[in-house]
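# Structural characterization, general
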Amino acid sequence: MSETLVERHSGAVAGPIASPKELLPYAIFAGVLLALLVYFVGAEEGAASLIGGSSVHEFVHDARHLLGFPCH
Amino acid sequence: MVRSLLIRGMLVGLLAGVLAFAFAYVFGEPQVQHAIDFEDLLVARTGAPPEHELVSRGVQRTLGLATGTIALGVALGGMFSLVYAYAYGRIGVAGARLTAAILALVAFTTITLVPFTKYPANPPTVGSPDTIDKRTLLYFGMIAITVLAFVAATRIRREYLERLGAWNAGIAAGAVFVVVVAVAQLILPAVNETPAGFPADVLYRFRLASLGINATLWLTIGLAFGAAAERLLAPADRRGPAPSAELAS
Ligand SMILES: [Zn+2]
């Protein structure tokens, strides 16, 4: 592994594949949507509530605890 | 390119979520049940009527658990692919798979492992509903601090690479990371909400299971995304002047 790393350091490193400009729209749109997904698993009807009640919280309850999010 | 990576990231995340569910069902659920049994015991002692269940335990530990782990897997896989698209070719290592493996290891360390040392996962019954706002803020805050400390450390490493050499620049960066995280952990308030009499073995096994679930998520994302990305990026790699392009295979 380390030999591979060293060998590849000697000029074999491929260049970047995406410019920041190219990434920005994805980071915004996909980033927000994916963060919303994390929110629903991790925090909806806990610290904050978007859709009210507690059905989402109760449904993903075990996952929330086991994945390490604060709950209860 | 970014779009293709994003789609692959989310699919890989789906797979990671399924495997994390399997791990969670086998190693995590028994501990959740022990914790709930303990809670029921406490409630029974006070003579209060048992709590009304909105979603049955049977649904919570199967469909609910799977939905949660898969949704998080897809979200993390998607985010991972975007970070990957930025990091590829910029972090000083070549190879689609090596880049993915390193990123996943960093993600597991900074998002799960290090924050866990301050605010570990807790089973049901451990934790007061009154403090959920504070605990949620502290939890995500600790993750943010750890990730930012890591980013700062990599910058410092790069900054001193020429002057100190790779080894010592790495030590300097590592020291900055450790000091920032340690100071943050000393300053941030502790959360001590384990009820008296809660079985310590259950708490230990639950937390170990939680680490295992997160490790399963990141391990799958790191390895599977690396394989998927290599297929996508291989043609571009071969065009490069790299005689050792096949070495990492
Ligand atoms: Zn809970």
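What counts, and at which threshold
- Residues numbered from 1 in each chain as written.
- Chains lettered and ligands numbered in written order.
- Predicted model: local features only at pLDDT ≥ 70, side-chain atom pairs only at ≥ 80, totals over all residues.
- Heavy atoms only, no water.
- Core = buried A, V, L, I, M, F, W, Y, C linked by side-chain atoms within 4.5 Å.
- Buried < 20%, exposed > 50% of the residue type's maximum accessible area, 1.4 Å probe, protein only.
- Helix = DSSP H or I, 4+ residues; strand = E, 2+ residues; numbered from the N terminus.
- Contact = heavy atoms within 4.5 Å.
- Salt bridge = Lys/Arg side-chain N within 4 Å of Asp/Glu carboxyl O.
- Polar contact = N/O pair within 3.5 Å; in protein donor to acceptor, adjacent residues only side chain to side chain.
- Buried area = accessible area lost by both parts, 1.4 Å probe.
- pLDDT = per-residue confidence, 0-100.

### Quick word on the nonpolar core
A:L67, B:F80, B:Y84 and B:F225 are the most contacted members of the largest nonpolar core, which has 50 residues in total. Sorting the residues of this core by element identifies α2 (20-42) and α4 (61-67) of chain A together with α1 (2-46), α2 (57-87), α3 (96-116), α4 (132-187) and α5 (200-239) of chain B as the ones contributing at least two each. The element that contributes the greatest number of residues to this core is α2(B), accounting for 10 residues. Residues contacting B:F80, with those up to four places away along its chain left out, are B:A100, B:L103, B:A104, B:W218, B:I221 and B:F225.

### Some details on the pattern of salt bridges
For the coordinates displayed, the defined rule picks out 4 salt bridges over all chains. A salt bridge links B:R57 to A:D62, with the shortest nitrogen-to-oxygen separation between them at 3.0 Å. With B:R57 in helix α2 and A:D62 in helix α4, this residue pair bridges two chains. The residue B:R97 makes a salt bridge to B:E230 at a minimum N-O spacing of 3.0 Å. Taken as a pair, B:R97 in helix α3 and B:E230 in helix α5 lie far apart in primary sequence, 133 residues in all. On the accessibility criterion, B:E230 (24% relative accessible area) is partly exposed. Bridged by salt links that share partners, the residues A:D62, B:E29 and B:R57 form one connected network.

### Remarks on the side chain of B:T125
Residue position: B:T125 is located in the loop between α3 and α4. A distance of 3.1 Å separates a polar side-chain atom of B:T125 from the backbone oxygen of B:A35. Look past the residues within four positions of B:T125 in its chain and what remains in contact with it is A:H72, B:A35, B:F38, B:E39, B:L42, B:P195 and B:F198.

### Some remarks on the interface of chain A and chain B
When the parts of a complex come together, some accessible area is lost, and that lost area is often taken as the interface size. Across the contact, 45 residues belong to chain A and 68 residues belong to chain B. For the chain A and chain B pair, buried surface summed over both sides reaches about 4700 Å², with 72% attributable to carbon and sulfur atoms. Counting across the chain A and chain B interface gives 1 salt bridge. Summed over the shared surface of chain A and chain B, the number is 7 residue pairs in polar contact (both at pLDDT 80 or more). Of all elements in the fold, only α1 (2-9), α2, α3 (55-59) and α4 of chain A reach the threshold of two or more residues within the side of chain A that touches chain B.

### A closer look at the confidence of the model for chain A
Residue and element names in this part refer to chain A. On average, chain A scores 80 in pLDDT, and the residues at 70 or more come to 78%. Within chain A, the element-level pLDDT minimum falls on α1, averaging 42, and the maximum on α4, averaging 95. Predicted confidence is poor over residues 1-11, with pLDDT under 50, and the contacts of this stretch with residues over four places away or in other chains come to 16 contacts.

### Quick word on the confidence of the model for chain B
Regions with low pLDDT should not have their predicted coordinates read in detail. All names here are of chain B. Per-residue confidence for chain B gives a mean pLDDT of 92; residues scoring 70 or more make up 94%. When mean pLDDT is taken per element in chain B, α3 scores highest with 97 and α5 scores lowest with 91. Confidence drops under pLDDT 50 across residues 245-249; counting only partners more than four residues distant or on other chains, this segment forms 10 contacts. The ipTM, which scores confidence in the relative placement of chains, is 0.90 for this predicted complex, and the corresponding pTM is 0.88.

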